[in-house]
Amino acid sequence: MNTTNLDMFKKQFKCEYDEEGDYFIITWEDKNSVLIYKENNGTEEKIDIDNDYSSNYRNKNNMFWIEDIKKHYNWKTGECIYLNMKQNCDNAFYVMRGWGEPYKRKEDLNGYDVAIDEDGFVIKRFYQHYTRNTTKNIKNYDFVVRPSCVYNDYWVNKKD
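Heads up: these notes are all about the structure in this document. Small disclaimer: the values here were computed from a predicted structure and weren't measured. (Residues numbered from 1 in each chain as written. Predicted model: local features only at pLDDT ≥ 70, side-chain atom pairs only at ≥ 80, totals over all residues. Heavy atoms only, no water.)

1. Some remarks on the packing of aromatic side chains
Logical step 1: Going through the model one piece at a time under the given rule, you end up with 13 aromatic pairs.
Logical step 2: An angle of 80° between the planes, with centres 5.6 Å apart, marks the rings of Phe9 and Tyr37 as edge-to-face. Residue Phe9 is found in helix H1 (residues 7-10), and its partner Tyr37 is found in strand S3 (residues 34-38); the two are separated by 28 residues along the sequence.
Logical step 3: Between Tyr82 and Tyr112, the aromatic rings sit 5.0 Å apart at their centres with planes inclined by 55°, giving tilted as the arrangement. Placement of Tyr82 in strand S5 (residues 81-89) and of Tyr112 in the loop between strand S6 (92-96) and strand S7 (114-116) is noted, with a sequence separation of 30 residues between them.
Logical step 4: Members of the aromatic cluster, joined through ring pairs, are Phe64, Trp75, Tyr151, Tyr154 and Trp155.
Logical step 5: In this structure, Lys70 is placed above the aromatic ring of Trp75, and the distance from its NZ or CZ to the ring centre is 4.5 Å. (Phe/Tyr/Trp six-rings, centres within 6.5 Å; stacked < 30°, edge-to-face > 60°. Helix = DSSP H or I, 4+ residues; strand = E, 2+ residues; numbered from the N terminus. Lys NZ or Arg CZ within 6 Å of the ring centre and 35° of its normal.)

Next up, the structure:
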């Protein structure tokens, strides 16, 4: 079991739902932007909340705001929730289901950035940056992974 106090990662950001716009806004302050996470093997990782929006899969993310989204949509085992992310300022990004008018929203399975999979883990979608073409072995220019993040570590331990 990881010995890091996970409460500090839950407090690293503020997640608010905007009912009129039908989106979540995740915000944080500079003083809380970087925290240290101790892995099970004893190594320490810097967790910069700004990387949650980033497409760099080498950085460990926080992503505990997913818990708020799961609660809002009453997520249950076996369901997937597909989300899009948008950032247009420092120390904040937006997360929403689908694109378009709220009453017409449908998840676009070809255009999501992040999702909650059927087992409750966060998944992120990444893209090959140098081509939009497929190859003999790579049928898509994008790939989906469960990223290394504090939330997924927490979820694994919670399920045990």
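Structure shown, so let's carry the discussion forward.
2. Points about the side chain of Asp22
Logical step 1: Along the chain, Asp22 turns up in the loop between strand S1 (14-18) and strand S2 (23-27).
Logical step 2: Within the structure, the side chain of Asp22 is placed 2.5 Å from the side chain of Tyr17, a separation counted as a polar contact. (Polar contact = N/O pair within 3.5 Å; in protein donor to acceptor, adjacent residues only side chain to side chain.)

3. Let's talk about the nonpolar core
Logical step 1: The biggest cluster of nonpolar side chains holds 32 residues, and the ones touching the most others in it are Phe9, Ile26, Phe64, Trp65, Ile69, Val95 and Tyr151.
Logical step 2: Those elements that place two or more of their residues in this core are S2, S3, helix H2 (65-72), S5, S6, S7 and helix H3 (150-159).
Logical step 3: Considering each element in turn, this core owes the most residues, four residues, to H3.
Logical step 4: In this structure Ile26 touches Phe13, Lys14, Cys15, Trp65, Asn91, Ala92, Phe93 and Val95, once residues within four positions along its chain are discounted. (Core = buried A, V, L, I, M, F, W, Y, C linked by side-chain atoms within 4.5 Å. Buried < 20%, exposed > 50% of the residue type's maximum accessible area, 1.4 Å probe, protein only. Contact = heavy atoms within 4.5 Å.)

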